[in-house]
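This is what each chain is made of:
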Amino acid sequence: MITLISSLLVFLLVVMLHELGHFTVAKLSGIKVNEFSIGMGPKIYQKEKGETFYSLRILPVGGYVAMEGEEENSHDPRAFNNVHIFKRMAVVLAGAFMNFVLGFLAFTIIFSIVGYGSNEIDKVIENSPAMTSGLKTGDKIIKINSSPTRDIYDINSVISKNNDKEMNFFVDRKGELLKFSIKPQFSEENKMYLIGITSKIDHSFLKSISLGADRTLQMSKMIIQSIKMMFSGSFKMEYLSGPVGVVQLIGSESSKGFLNFLQILGLISVNLGVFNLLPIPALDGGKFLFLLIEAIIGKPINEKIEQGLSLIGIGLLFSLMIYVTIFNDIGRLFNK
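Residues numbered from 1 in each chain as written. Predicted model: local features only at pLDDT ≥ 70, side-chain atom pairs only at ≥ 80, totals over all residues. Heavy atoms only, no water.

Asks: Sorry, what's going on with the side chain of Ser 55 here?
Replies: In this fold, Ser 55 is placed in strand 2 (residues 52-67). Accessibility expressed as a relative area gives 6% for Ser 55, which makes it buried. Of note is the side chain of Ser 55, whose polar atom sits 2.9 Å from the side chain of Gln 46. With residues near it in sequence (within four places) discarded, Ser 55 still touches Glu 35, Phe 36, Ser 37, Ile 38, Lys 43, Tyr 45 and Gln 46. (Helix = DSSP H or I, 4+ residues; strand = E, 2+ residues; numbered from the N terminus. Buried < 20%, exposed > 50% of the residue type's maximum accessible area, 1.4 Å probe, protein only. Polar contact = N/O pair within 3.5 Å; in protein donor to acceptor, adjacent residues only side chain to side chain. Contact = heavy atoms within 4.5 Å.)

Written as structure tokens, this is what we have:
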């Protein structure tokens, strides 16, 4: 039951915010929107307000914004195909933008609740480089070499850039500035270079916003890197998950508590945002690419060519989804 409810909630939030992005920018741009739908399949509720039908459909796994002139030519001056190209570009990108916003909000709430590691040492690990050098509980690491360190994320970032090189740690100890030379050691457990400290937890809403934005950015970079690895052949297909695998993951994480639910919500939302921006026909990124070409050459791409490429894109995406679902998701179920 937890898996079902949490999966439906995640899909609804991710899809609804995505489509709301398209819808809002379309309305602000003066484009005529014929229907705003949450869900797919037969309608279970519909209400007309102004010129737009608002629909709720039986399958909560998708949604859409039906704009006048989006799929066919229309002579209506407010049709999608007749408004300025920059407005059309904004509408196309707005869905993915809202996915990044949802991811940012989820990560920000997490940091607001659990706090963040400050630059003040809470504990020095036994026999660690930090203990050997003389660092103590209560010390504040304010700078490493020439890099200011305001929290544990800054500290770990500087260490990761230098790995096992000896560095100068500048520490505030009860108002006295001290310098320690420390050479980090590689931790097999954490798979990174560390000096052997834990940090005091602080809470700050403004800092949570900053960390939420940074987590969203870093997550996006990781996803892009994974996509690059797929095309280079260094990323294994068995790492991918289809709908069944995603539902299992949502259920597994959500059963661990609200924070884990937020974490998986943010991860899926950012994933969808990045994936939708890929320059593949049928995705928002593909639509944006067609508009970019139109802006450069001064006229739309031939409608038949665009439709043909979009069909190919849809075919490839569905083929990938079916492959991953059968050989990865279902395969994992049988291997348990």
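The structure having been displayed, the exposition proceeds.
Asks: Can you walk me through the environment of Ile 297 in this structure?
Replies: Mapped onto the elements, Ile 297 comes out in helix 8 (residues 284-297). Note: C-alpha distance between Ile 297 and Ala 90 (207 residues apart in sequence) is 19 Å.

Asks: I keep staring at the UniProt feature "domain: PDZ" (unreviewed entry) in the protein chain and nothing clicks. Help me out?
Replies: In the numbering adopted here, UniProt assigns the feature "domain: PDZ" (unreviewed entry) to residues 111-152. For residues 111-152, helix accounts for 24% and strand for 38%, while the C-alpha atoms at its two ends are 13 Å apart. (UniProt positions renumbered as here; feature names shortened; annotations may be inferred.)

Asks: Just checking my understanding: could you explain the environment of Lys 174 for this structure?
Replies: Counting through the fold element by element, Lys 174 comes out in the loop between strand 6 (167-173) and strand 7 (176-182). Given the relative accessible area of 85%, Lys 174 is considered exposed. In this structure, the C-alpha to C-alpha distance between Lys 174 and His 203, residues 29 residues apart in sequence, is 21 Å.

Asks: How should I be thinking about a nonpolar patch on the surface in this particular structure?
Replies: A surface patch of nonpolar side chains, amounting to about 660 Å² of accessible area, comprises Met 40, Ile 44, Tyr 45, Leu 56, Ile 58, Leu 59 and Val 61. Those elements that place two or more of their residues in the nonpolar patch are strand 1 (33-49) and strand 2. Top element by residues in the nonpolar patch is strand 2. It accounts for 4 residues. For Leu 59, the location among the structural elements is in strand 2. (Patch = residues over 30% accessible without salt bridge, like charges linked within 9 Å, V, L, I, M, F, W, Y side chains within 5 Å. Areas by Shrake-Rupley, 256 points an atom, 1.4 Å probe, with all protein chains shown as cover. Salt bridge = Lys/Arg side-chain N within 4 Å of Asp/Glu carboxyl O.)

Asks: Even after reading the chapter, I still don't get the pattern of salt bridges, so can you show me in this structure?
Replies: As a working rule, side chains carrying opposite charge can pair if their charged atoms are close by. Using the criterion set out here, one finds 9 salt bridges in the structure. Arg 173 is the salt-bridge partner of Asp 139, the closest N and O atoms lying 2.8 Å from each other. Of this pair, Asp 139 sits in the loop between helix 3 (129-133) and strand 4 (140-144) while Arg 173 sits in strand 6, placing them 34 residues apart in sequence. Close ionic contact of Lys 207 with Asp 151 constitutes a salt bridge, the shortest N to O distance being 2.4 Å. Within this pair, whereas Lys 207 is found in helix 5 (residues 205-232), its partner Asp 151 is found in the loop between strand 5 (147-148) and helix 4 (152-162), the two being separated by 56 residues in sequence. The pair formed by Lys 207 and Asp 151 is uniform in burial state, with each residue classed as buried. It is possible to trace a salt-bridge network through shared partners that takes in Lys 27, Glu 51 and Arg 78.

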